[in-house]
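Observations on the three-dimensional arrangement
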Amino acid sequence: MVARQSQLFIPTLREAPADAEAVSHKLLVRGGYIRQVSAGVWTFLPLGWRVHQNVVQIIREEMDAIGGQEMLMPVLTPAELWETTGRDYPEIFRLEDRAGRRFILPMTHEETVTFHAREIQSYRQLPQILYHFSIKERDEPRPRGGLLRMREFIMKDAYTFDRNEDEFARSFELHRQAYHRMLERLGLEFYEVEAESGMMGGQQSQDFLCPAGSGENTLVTCEHGDYAADLEIARGVPRTPSFPATEEVPKEVATPGVTTIESLAELLGIDAAATSKAMPVVKTDGTLVLGLVRGDDRLAESKMLGVLKSDYRPATDEEIRSAFGASGGSLGPVGVSVHVVADDALREGQFVAGANRDGWHLLGVEAGRDYAPRFADIREAREGDRCPVCSGELRFQTAIEVGHIFNFGSRYSEPLGATFLDEDGTEKPLIGGSYGIGPARVMAAVVEQSHDGNGIVWPKSIAPYDVHVLALHGGSAEVLMRAEQLAAALEEGGLDVLYDERDERPGEKFADADLIGCPTRIIVGKKTLDDGAVDVRTRDGAIDERVSSSEVVKWVLQH
RNA sequence: CGGGGUGUAGCUCAGUCUGGUAGAGCGCUGCGUUUGGGACGCAGAGGUCGCGGGUUCAGAUCCCGCCGCCCCGACCA
């Protein structure tokens, strides 16, 4: 049935809501796609739900194509299930039923799916690919940017179960390829990057990032296209510092009142890159570790997390004082008893370092000679770095993480006792993987990448309607009749048609059509009625031409 | 959780400093004119000024407390 715009709930807005910042947030609200109910909680209005469903369908088709089996797991989940695996995150919503039984609203379904996977008995039943589209609840400390970070959202999460890591690698590869296919069909520019594995220490963990005007990730790519990574783990090659004269042994220099790299470099008249910066941190087990990076670099927290294999926090002033005998601005690696993790950039050359004595620094401090660190890549890549593969220039872009796939091994199957009997007769835990993608974030990413000053430019694959027919009737019954006939004929041809027969002025209809952003627009008005034609134009502006009424359906189907 | 901002009509906002009848534009309803890029005229509807307490003859406005929302940071399987 043709969708008659006068009867639909498409509340378009002339102005963007005052609290919107991201383009996708503004345009989706203005276009009548979504509305906010509370912080991070959104309703998909009819138009928005159509797009969401289109995204879902593409994901579903690609999942089914690799043998995925769709199912549905519940939101309401007994708390014990999560207690068994020891996942205890602050962003989990908790609740009780009337009898005091405790439940959680899960943020993901590893526990539940593994609970079911206990019914897998034999290697003969492997591998398995199970997935569902379900609502996730996360008590996010700070939701933001419309659909970019929500507290309640729908995610497609898939789970694989395999006999061993080799078999798992095949399941993982299937998903990688499926993700590439779905994102291509969704019309997104995306990069698959190695993801931060953090505390969970997944062996394989890939993120799918879409460059966008807004987003929470920073995508680092090489100008030559041979390197892409999330900033959190990106490796960049920093410039070579210009070093001052070398010293036979570290030489003390008075630096009264100097506690920042800027003032240190200025006082000594040297390159900030020829200094080092000490960051004392304390691991969960209470051990103090000194992180050391070049003066012009920043410590990359997730890299440090990977190196220490433990959560950590900055040391307090008291801890610093008792371990180094000096305060924060004067710390260095020479003569200290704590473990030193030095960034790879400090391997070669002599650097200025704190002397562990307030108001003093050391010139000519050389790793290996003056202190024995453990070297690691712990610096955050930054503008001006060169590509680690080809030395090309690195680019930094804001990006949206739309998907994440990773290996969770036996992280859940062991505690939940999901084992199977292998060919050799031994009982083994299932090897699992998780594969998530958020249709709402996909929508936001598409809008971020595909819009103009007037509104959204939907790709054909997920547009709410294929064709937007505008009847510029101005009271003319004949124009209305012709437009209706055309809309019906297009539907007949298998297209989804949004038919604007509202009693509005042309300018308003054009503006709304631009905002809503259907790929093809057909304008029926008095102007073209006489020569039995209509005006057809594509939302991306590529085509704008007059087509004879009898040819329109064919035209649209062919373009 | 720290920092900043904000809350007045459906939307965007003025009014708050300096207390005294609650406003504008857009939108909405009716009638008329108009009709290929957000028209015009006339007549109308619509607000416990986020919530609670206090000061005052009088509070949108001053004071105290709370809440919502936005941005930056922390956090983010």
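Residues numbered from 1 in each chain as written. Chains lettered and ligands numbered in written order. Predicted model: local features only at pLDDT ≥ 70, side-chain atom pairs only at ≥ 80, totals over all residues. Heavy atoms only, no water.

1. Some thoughts on the pairing of strand β18 (residues 339–343)
Operational definition: Partly exposed residues are those whose accessible area sits between 20% and 50% of the maximum for their type, while under 20% is buried and over 50% is exposed, using a 1.4 Å probe and protein chains only. Under the DSSP-based scheme used, a helix requires at least four consecutive residues in state H or I and a strand at least two consecutive residues in state E, with every element numbered from the N terminus. For two strands to be treated as a pair, DSSP must find at least two bridges joining them.
Burial analysis of β18 places four of its five residues in the buried class, the great majority of the element. The pairing of strand β16 (residues 288–294) with β18 spans four bridges and is classified as parallel. Its bridge partner lying in β18, L292 is registered against A342. In the sheet, β18 pairs with strand β21 (residues 374–376) via three bridges, with the strands oriented parallel. Looking across to β21, one finds that A342 is bridged to F375.

2. Digging into helix α2 (residues 46–65)
Working note: α-helix, 3.6 residues per turn, so residues spaced by three or four point in the same direction. Here is the rule: A helix is expected to reach a length of 1.5 Å times the quantity of its residues less one.
The end-to-end C-alpha distance of α2 is 28 Å, a good match for the 28 Å that 20 residues give at a rise of 1.5 Å each. The set of residues buried in α2 consists of L47, G48, V51, H52, V55, V56, I58, I59, E62 and M63. Directly beyond the C-terminal end of α2, a positive phi value near 90° is found at G67.

3. Description of the packing of aromatic side chains
For clarity, the cut-off: For Phe, Tyr and Trp, where Trp contributes only its six-membered ring, two rings pair if their centres lie within 6.5 Å, and the inter-plane angle classes them as stacked under 30 degrees, edge-to-face over 60, or tilted in between. Charge over a ring is defined by NZ of Lys or CZ of Arg lying within 6 Å of the ring centre and within 35 degrees of the ring normal.
Within the structure shown, the criterion is met by nine aromatic pairs. Between the aromatic rings of F44 and W49, the centroid separation amounts to 6.2 Å while the plane-to-plane angle is 65°, which identifies the pairing as edge-to-face. You can call W49 partly exposed: its relative accessible area is 36%. Geometrically, the ring pair formed by Y131 and F133 is edge-to-face, given 6.0 Å between the ring centres and 80° between the ring planes. Both residues of the pair, Y131 and F133, count as buried. Within the aromatic cluster, the residues linked to one another by ring pairs are F168, F172 and Y435. When the ring centre of Y465 is taken as origin, the NZ or CZ atom of R50, which lies over that ring, is 3.9 Å away. Cation over ring: R357 sits above W360, and NZ or CZ is 4.2 Å from the ring centre.

4. Points about the packing of α2 against helix α10 (residues 439–449)
So the rule is basically this: An axis is simply a line fitted to the C-alpha atoms; with a helix, the fit covers only the stretch in contact. Between two such axes, the angle follows the N-to-C directions and lies from 0 to 180 degrees. Under this scheme an angle from 65 to 115 degrees is roughly perpendicular, one under 35 degrees roughly parallel, and one over 145 degrees roughly antiparallel; angles in between are oblique. Here, two residues are considered to be in contact whenever any of their heavy atoms come within 4.5 Å of each other. Residues are grouped as follows: nonpolar covers Ala, Val, Leu, Ile, Met, Phe, Trp, Tyr, Cys and Pro; charged covers Asp, Glu, Lys and Arg; every other residue, Gly included, is treated as polar.
Closest axis-to-axis distance for the α2/α10 pair is 9 Å, and the angle between their directions is 110°. In terms of axis orientation, α2 runs roughly perpendicular to α10. In this structure, α2 uses G48, V51, H52, V55, V56 and I59 to contact α10, whose residues at the interface are P439, A440, V442 and M443. Broken down by class, the residue content of the contact of α2 with α10 amounts to eight nonpolar, two polar and no charged.

5. Quick look at the confidence of the model for chain A
The predicted coordinates of low-pLDDT regions are not to be read in fine detail. What counts, and what does not: Confidence of the predictor at the level of single residues is given by pLDDT, which spans 0 to 100.
Mean pLDDT over chain A stands at 93; residues scoring 70 or higher make up 99%. Both confidence scores are given for the complex: pTM 0.94, ipTM 0.94.

6. A few points about the packing of helix α1 (residues 23–30) against α10
Where α1 meets α10, the closest approach of the two axes is 8 Å, and the angle between their N-to-C directions is 100°. Judged by the inter-axis angle, α1 sits roughly perpendicular to α10. Of α10, the residues touching α1 (which contributes V23, S24, L27 and L28) are M443, A444, V447 and E448.

7. Description of the protein's contact with RNA strand B
Formally: Proximity criterion: a residue is near a molecule or strand once any of its heavy atoms comes within 4 Å of it. Under the rule applied, a polar contact is a pair of N or O atoms within 3.5 Å (in protein, one hydrogen donor and one hydrogen acceptor; residues adjacent in sequence only if both atoms are side-chain atoms).
In the region of RNA strand B, 42 residues are neighbours, and R138, R149, R505, D514 and R537 sit closest. Backbone atoms, meaning sugar plus phosphate, form 48% of the atoms of RNA strand B positioned within 4 Å of the protein. One nitrogen or oxygen atom from the side chain of R14 is found 3.0 Å from a sugar or linking oxygen belonging to RNA strand B. The side chain of S38 places a nitrogen or oxygen atom 3.3 Å from a phosphate oxygen of RNA strand B. The set of elements that each furnish at least two residues to the surface near RNA strand B consists of β2 (34–38), α12 (506–516), β30 (520–525), α13 (526–529) and β31 (533–538). The element contributing the most residues to the surface near RNA strand B is α12, with seven residues. Each residue belonging to the surface near RNA strand B can be placed in one class, and the counts come to 16 nonpolar, seven polar and 19 charged.

8. Thoughts on α12
Within the span of α12, buried status applies to K509, D512, A513, D514, L515 and I516. Its buried side turned inward, α12 meets α1, α2, β27 (455–456), β28 (467–472), β29 (497–500) and β30. Phi for G517, located one or two positions after α12, is positive at around 80°.

9. Quick word on the sheet that holds strand β6 (residues 93–96)
Strand pairing in a sheet relies on backbone hydrogen bonds, with the paired strands running either antiparallel or parallel. In spatial order, the strands read β5-β7-β6; together these three strands make up an open sheet with antiparallel pairing. Because the sheet does not close on itself, it has two edges, and the strands there are β5 (77–78) and β6. Direction of pairing for β6 relative to strand β7 (residues 102–105): antiparallel, over a ladder of four bridges. What sits directly across from L95, in β7, is F103.

10. Remarks on the nonpolar core
Operational definition: Within this scheme, the nonpolar core is defined by two criteria: the residues are buried Ala, Val, Leu, Ile, Met, Phe, Trp, Tyr or Cys, and they are joined through side-chain atoms within 4.5 Å.
In terms of nonpolar packing, the biggest core is built from 62 residues, with L28, Y33, L147 and W458 touching the most fellow members. Beyond its immediate chain neighbours, meaning those up to four positions away, L28 contacts Y33, I34, L147, M443, V447, I456 and W458.

11. Topic: the sheet that holds strand β17 (residues 312–314)
Strand order in this open sheet of five strands is β17-β15-β16-β18-β21, and the pairing throughout is mixed. With partners counted over all chains shown, the strands left at the sheet margins are β17 and β21, one partner each. Each strand of the sheet is rotated relative to its neighbour by a mean of 35°, with strand direction disregarded. Most of the contacts of helix α7 (residues 301–308) go to β17, to which it runs at about 125°, and overall it touches β15 (276–283), β16, β17, β18 and β21.

12. Considering the pattern of salt bridges
The condition that has to hold: Salt-bridge detection follows one rule: a side-chain nitrogen of Lys or Arg within 4 Å of a carboxyl oxygen of Asp or Glu.
For the structure shown, the criterion picks out 47 salt bridges. Put simply, D377 and K303 hold a salt bridge, and the shortest N to O gap is 3.1 Å. Here K303 lies in helix α7 and D377 lies in the loop between β21 and β22 (394–409), a separation of 74 residues in the sequence. In this structure, E478 and R482 form a salt bridge, with 3.8 Å as the shortest nitrogen-oxygen distance. Pair noted here: E478 and R482 are both in helix α11 (residues 477–492), with a separation of four residues, about one helical turn. You can call R482 partly exposed: its relative accessible area is 31%. Beyond isolated ion pairs, a larger network of salt bridges with shared partners links R294, D296, D297, R379, R382 and D385.

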